[in-house]
Amino acid sequence: MSPQNGSLMAPSDLTHTVEGLLAAAPASVREARSLVRRELPGWGAEDLVDDCMLIVSELVTNAVRHGGAACALRLGGDGAHVYGELFDPGAGAPRMREADTEATGGRGLQIVDALAAEWGVSWPESGGKIVWFVLGGGCMPYGALHRASGAFA
């Protein structure tokens, strides 16, 4: 999956955005879910709330466990799509693992892969990483929100 394929939506297509800074603490997972639950219904994206909450939970959990520092969550959408980014300053590359059937963890990115229309990782020149995802019908091309605002660049 190459995020540079496809055309970029115009910034005006992102009618809703929200951002949150999250501490490197387990309570941040709950805070991120609350942000999704609070914002998406007002965007007309009620059908995407549960999937978005699950994806955000998995990504924030990974950032807390492996990133070691505060992370930043950004969501944007147009009612039919949700584009999300989670930035953390860690250098490690997220990777999907094959989890043993008895394992109690290790399935986070498998869940993200199953729910998201697209997802991937980008590496800002300033360091760290951004794990991004798209939910919804059709598919909002990669970078619509990231390139529109450039906050994580």
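Just so you know, these numbers come straight off a predicted model, no measurement behind them.

### A word on the pattern of salt bridges
Link 1 in the chain: Counted under the stated rule, the structure contains 4 salt bridges.
Link 2 in the chain: Among the ionic pairs, Glu39 bridges to Arg38, the shortest N-O distance being 3.7 Å.
Link 3 in the chain: Overall, the relative accessible area of 54% leaves Arg38 in the exposed class.
Link 4 in the chain: Residues Asp88 and Lys129 are paired through a salt bridge, measuring 2.9 Å at the closest nitrogen-oxygen approach. Note that Asp88 is positioned in strand 3 (residues 81–88) and Lys129 in strand 5 (residues 129–136), a separation of 41 residues in sequence.

### So, the pairing of strand 5
Link 1 in the chain: Taken across its 8 residues, strand 5 has 7 buried, putting it largely inside the fold.
Link 2 in the chain: One ladder, built from 8 bridges, connects strand 3 with strand 5; its direction is antiparallel. Along strand 5, the bridge assignment pairs Tyr83 with Val134.
Link 3 in the chain: Linking strand 4 (residues 118–122) back to strand 5 in an antiparallel pair, the connection comprises 6 residues, with Gly127 at a positive phi of about 110°.

### What to know about the sheet that holds strand 3
Link 1 in the chain: The sheet built from 5 strands is open, its strands ordered 1-2-3-5-4 with antiparallel pairing. Among the strands making up the open sheet, the edge pair consists of strand 1 (16–22) and strand 4. Mean inter-strand twist for the sheet, computed between neighbouring axes without regard to direction, equals 15°.
Link 2 in the chain: Bridge count between strand 2 (residues 71–77) and strand 3: 6 bridges; the pairing is antiparallel. Directly across from Arg74, in strand 3, lies its bridge partner Glu85.
Link 3 in the chain: Helix-sheet contacts for helix 2 (residues 49–67) involve strand 1, strand 2, strand 3 and strand 5, and the interaxial angle to strand 5 is about 170°.

Definitions and limits used
- Residues numbered from 1 in each chain as written.
- Predicted model: local features only at pLDDT ≥ 70, side-chain atom pairs only at ≥ 80, totals over all residues.
- Heavy atoms only, no water.
- Salt bridge = Lys/Arg side-chain N within 4 Å of Asp/Glu carboxyl O.
- Buried < 20%, exposed > 50% of the residue type's maximum accessible area, 1.4 Å probe, protein only.
- Helix = DSSP H or I, 4+ residues; strand = E, 2+ residues; numbered from the N terminus.
- Pairing = 2+ DSSP bridges.
- Axes fitted to C-alpha atoms, helices over the stretch in contact; angles between N-to-C directions.
- Contact = heavy atoms within 4.5 Å.

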